[in-house]
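The lines below spell out each chain.
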Number of protein chains: 2
Amino acid sequence: MSDADLPLSATPRTGLRRMKEKGHSDRSALFDVLRASFVCHLGVLVDGYPMVVPTVYGFDDKHLYLHGSVASRSLTTGAEVCATVTVVDGLVLARSVFEHGVNYRSAMVYGLPRWVTDPDEKLHGLRTLTEHVAPGQWDYARQPNRKELAATALLALPLTEASVKTRSGPPDDGDSPDAERGNWAGELPLIARWQQPLADPALPATVPVPAHVAARAGARVDEP
Amino acid sequence: MSDADLPLSATPRTGLRRMKEKGHSDRSALFDVLRASFVCHLGVLVDGYPMVVPTVYGFDDKHLYLHGSVASRSLTTGAEVCATVTVVDGLVLARSVFEHGVNYRSAMVYGLPRWVTDPDEKLHGLRTLTEHVAPGQWDYARQPNRKELAATALLALPLTEASVKTRSGPPDDGDSPDAERGNWAGELPLIARWQQPLADPALPATVPVPAHVAARAGARVDEP
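The shown structure was predicted, so the numbers you read here are calculated from the model rather than taken from an experiment.

Engineer: Tell me what's going on with the overall build of chain A, and back it up with residues and numbers.
Structural biologist: Regarding its fold elements, chain A presents six helices and 11 strands. When burial is assessed residue by residue, chain A has 55% of its 224 residues classed as buried. When contacts within chain A are restricted to residue pairs at least 6 apart in sequence, those whose partners lie at least 24 apart make up 72%. Carbon and sulfur atoms make up 54% of the accessible area of chain A, which amounts to about 9900 Å² in all.

Engineer: If you had to explain the pairing of strand β5 (residues 81-93) of chain B to someone new, which residues and values would you point to?
Structural biologist: Residue and element names in this part refer to chain B. Within β5, 11 of the 13 residues are buried, which leaves it mostly tucked inside the rest of the structure. Here strand β2 (residues 39-46) pairs with β5 via three bridges, running antiparallel. Residue pairing for β5: His41 is matched across the bridge by Thr84.

Engineer: Residue-level account of the interface of chain A and chain B, with values.
Structural biologist: Listed as interface residues are 88 residues of chain A and, on the opposing side, 88 residues of chain B. Of the roughly 7300 Å² buried between chain A and chain B on both sides combined, carbon and sulfur atoms contribute 68%. Taken together, the links from chain A to chain B amount to four salt bridges. Asp178(A) is the partner of Arg142(B) in a salt bridge, and the nearest nitrogen-oxygen pair spans 2.6 Å. Between the two partners, chain A and chain B, sit 25 residue pairs in polar contact (both at pLDDT 80 or more).

Engineer: Tell me about the pairing of strand β4 (residues 63-67) of chain A, and please be specific about residues and values.
Structural biologist: Residues and elements named next belong to chain A. For β4, the tally of buried residues reaches four of five residues, placing the bulk of the element in the interior. Here strand β3 (residues 49-59) runs beside β4; their pairing, made up of three bridges, is antiparallel. For Tyr57, the partnering residue across the bridge sits in β4 and is Leu66. Linking β3 to β4, which pair antiparallel, is a turn of three residues. Inspection of the sheet shows β4 paired to strand β8 (residues 154-158) by five bridges, in the antiparallel sense.

Engineer: Which residues make up the environment of Pro177(B), and what values go with them?
Structural biologist: All names here are of chain B. In this structure, Pro177 sits in the loop between β9 (161-167) and β10 (186-194). For Pro177, a relative accessible area of 70% gives the class exposed. In this structure the C-alpha to C-alpha distance between Pro177 and Arg95, which are 82 residues apart in sequence, comes to 9.6 Å.

Engineer: I'd like a description of the nonpolar core, backed by residues and values.
Structural biologist: Grouped burial of nonpolar side chains is what soluble globular proteins tend to show. Core analysis: the biggest nonpolar cluster contains 58 residues, and Leu34(A), Leu64(A), Leu34(B) and Leu64(B) have the highest contact counts within it. Ignoring any residue separated from it by four or fewer positions in sequence, one finds Leu64(A) in contact with Leu34(A), Tyr57(A), Gly58(A), Phe59(A), Ala83(A), Val109(A), Leu155(A), Ala156(A), Leu157(A) and Leu159(A).

Engineer: Could you give me a rundown of the relation of the copies chain A and chain B, with the residues and numbers involved?
Structural biologist: Mapping one chain copy onto the other needs a rotation about an axis and a shift along that axis. Mapping chain A onto chain B calls for a rotation angle of 180 degrees and an axial translation of 0.0 Å; the resulting RMSD is 0.0 Å. These values place the two chain copies in the arrangement generated by a two-fold rotation axis. Looking at the rotation axis and the C-alpha trace of chain A, the residue lying nearest is Ala192(A), at 1.9 Å. The overlap is high: 100% of the interface residues of chain A also sit at the interface in chain B, so the same surface is used on both sides.

Engineer: Tell me about helix α3 (residues 119-133) of chain A, and please be specific about residues and values.
Structural biologist: All names here are of chain A. The end-to-end C-alpha distance of α3, which contains 15 residues, comes to 21 Å, matching closely the 21 Å that a straight helix rising 1.5 Å per residue would cover. Every buried residue belonging to α3 is among Glu121, Lys122, Gly125, Leu126, Thr128, Leu129, Thr130, His132 and Val133, and all of these are buried. Among the residues of α3, the N-terminal cap falls to Asp118, whose side-chain oxygen and the backbone nitrogen of Asp120 are separated by 3.2 Å.

Engineer: Can you break down the pattern of salt bridges residue by residue, with the values?
Structural biologist: Under the counting rule described, the total for this entry stands at 22 salt bridges over all chains. Sharing partners across several salt bridges, the network here consists of Asp89(A), Arg105(A), Arg220(A) and Asp222(A).

Engineer: Mind laying out the side chain of Arg216(B), listing which residues take part and the relevant values?
Structural biologist: With respect to the helices and strands, Arg216(B) occurs in the segment after α6 (211-214). Side-chain polar atoms of Arg216(B) contact the backbone oxygen of Val133(B), separated by 3.0 Å. Ignoring anything within four residues of it in the chain, the contact list for Arg216(B) reads Leu91(A), Leu188(A), Val133(B), Ala134(B), Pro135(B) and Trp194(B).

Engineer: So, unusual backbone geometry: which residues are in play, and what are the values?
Structural biologist: Apart from glycine, the bulk of residues carry a negative phi angle, and the bulk of peptide bonds sit in the trans form. Residues and elements named next belong to chain A. At Asp47, a residue that is not glycine, the phi angle is positive and equals roughly 55 degrees. Position of Asp47 among the secondary structure elements: in the loop between β2 (39-46) and β3. Under the relative-accessibility criterion, Asp47 is labelled exposed at 70%.

Engineer: Give a description of the environment of Val87(A) that names residues and reports values.
Structural biologist: Tracing the chain through its elements places Val87(A) in strand β5 (residues 81-93). Setting aside residues no more than four positions away along its own chain, Val87(A) makes contact with Ala36(A), Ser37(A), Asn103(A), Tyr104(A) and Arg105(A).

Engineer: Please set out the confidence of the model for chain A residue by residue, giving values where relevant.
Structural biologist: Should pLDDT be low for a region, the predicted coordinates there are not to be read in detail. Residues and elements named next belong to chain A. Averaged over chain A, the pLDDT score is 88; the fraction of residues at 70 or greater is 85%. Contacts from residues 1-7, a stretch scored under 50 in pLDDT, to residues over four places away or in other chains number nine contacts. Every residue in residues 15-20 scores below 50 in pLDDT, and together they form 13 contacts with partners more than four places removed in sequence or on other chains. With a pTM of 0.91, the predicted complex shows an ipTM of 0.91.

Engineer: Can you lay out the state of the cysteines for me, pointing to particular residues and giving the numbers?
Structural biologist: Residue and element names in this part refer to chain A. Applying the stated rule across the entire model yields zero disulfides over all chains. Unpaired in this structure, Cys40 has its nearest cysteine sulfur neighbour in Cys82, at a distance of 9.4 Å. We classify Cys40 as buried; its relative accessible area is 0%.

Engineer: Break down the environment of Gly68(A) for me, with residues and values.
Structural biologist: Residue and element names in this part refer to chain A. Note on placement: Gly68 falls in the loop between β4 and α2 (69-72). In this structure Gly68 comes out as buried when scored by relative accessible area, which is 0%. Considered as a pair, Gly68 and Ala153 are 85 residues apart in the sequence and their alpha carbons are 4.9 Å apart. Here Gly68 is in contact with Trp115 and Ala153, once residues within four sequence places are set aside.

What counts, and at which threshold
Going along each chain's sequence as written, the residues are numbered from 1 onward. For this description, chains carry letters from A and ligands carry numbers from 1, given in the order in which they are written. The predicted nature of this model means local features are confined to residues of pLDDT at least 70 and side-chain atom pairs, given and counted, to a pLDDT of 80 or more, with totals for whole chains, interfaces and linings taken over all residues. Based on all heavy atoms of the structure, the side-chain values leave hydrogens and waters out of the count. The numbering of helices and of strands both runs from the N terminus, where a helix is a DSSP run of H or I of at least 4 residues and a strand a run of E of at least 2. Only protein chains enter the accessibility calculation, which uses a 1.4 Å probe; a residue whose area is less than 20% of its type maximum is buried, one above 50% is exposed, and one in between is partly exposed. In what follows, residue pairs with any heavy atoms lying within 4.5 Å of each other are defined as contacts. Surface exposure here means Shrake-Rupley accessible area, sampled with a 1.4 Å probe, where a residue is shielded only by the protein chains that are shown. Criterion used throughout: strands pair if DSSP finds at least two bridges between them. When two parts are brought into contact, each loses some accessible area as probed by a 1.4 Å sphere; the total of that loss over both is the buried area. Salt bridge, as used here, is a side-chain nitrogen of Lys or Arg placed within 4 Å of a carboxyl oxygen of Asp or Glu. Between N or O atoms, a polar contact is any pair within 3.5 Å; within protein, one atom must be a potential hydrogen donor and the other a potential acceptor, and residues adjacent in sequence are included only when both atoms are from side chains. Residues belong to a common nonpolar core when they are buried Ala, Val, Leu, Ile, Met, Phe, Trp, Tyr or Cys residues joined through side-chain atoms within 4.5 Å. Here the copies are matched by least squares. The fit uses the C-alpha atoms of residues with pLDDT of at least 70 in both. In this analysis, the expected span of each helix is defined as 1.5 Å times one less than the number of residues it contains. Along the chain, pLDDT gives the predictor's confidence residue by residue, from 0 to 100. In this description, the term disulfide denotes a pair of cysteine sulfurs within 2.5 Å.

Set out below in structure tokens:
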């Protein structure tokens, strides 16, 4: 049994809190959510207060790799963090306001992050992150030199304690007395798509858009 | 001078940490970001650890109103929170991996939240939240009855301490030696749009989609 097959640990804080939504405890559900986005919200403790910063991530079987520059001045060494990835799939428009909600996929990863200092792991982590956010760019753009590598703050968060929650489908009041009201109910889906690339105005007009960038235009973020 | 004209308070934690990005200290910049999304990531302290949960919000001049059910079992009374709203506008694809980045708009609101218990404020807050997330639904759907109002957890977070950060435009290495490499550089924009509404399968086919829902299809989330 490989690491990737291990179920996620069940701890009090990864327990489900809302019953109507589905909880998942398998690693494939976690990776499904991680694949569907590239920005997480990292919760850190700063002087005893929670601070939530958006930052890009990538991942392999064992770690979430986070761009740590926003956290570098604030992250207390040895303090646990929570990284949350959320994909909003649409609104749930019910017969009653009370039953309104959101269709979403969300993963929360808890743990003790580690600053990546080993040069090989740093290169691996940065490549993993870059290729997750912008596939094809690691080999196309100039890779980091030694000075840039040293100046890049990379966090590794073990993928061992996590919870995944999702909600999908129509509202829940289709068989309630409110169904007699006769008003419309359903879902208003939301989809984020990459648009046509915009060339840097400083770029000579003769430089073509590379295929790996051009191919993304029109694609959904949550599709491979 | 109304409350809405007051500059945001400058505290150590709302200070800018990254110089390349723009910081804003006026309230209109805050409201611009709050208008452009409807889901925030709420950071709370649970047993001494940060937990980050996605939740819907609405706002008026003075408060961010948050749906508090996900936080209701975990939020420590009297503990400060951080609510972060992020709109991702696209990727910044530079000549070097080191200069890659994200175009985004983000607001972080810090403060001591308060459970809304006054029935009038609760109705106001829920209406504000509902109309922000799903304009037109408050009057179209059945409004909460007394029992439902009592069962709804609503948090109010004062809009007094906040920071706004944004990044936009092309990469920063257009005048660097890397520009001589000749590779393409620019932006890959990302836009989230509402799709065609999907009727609840439990709904009779004769019920029309109301105009306020149909009108959103194709619209950007960050447009009014």
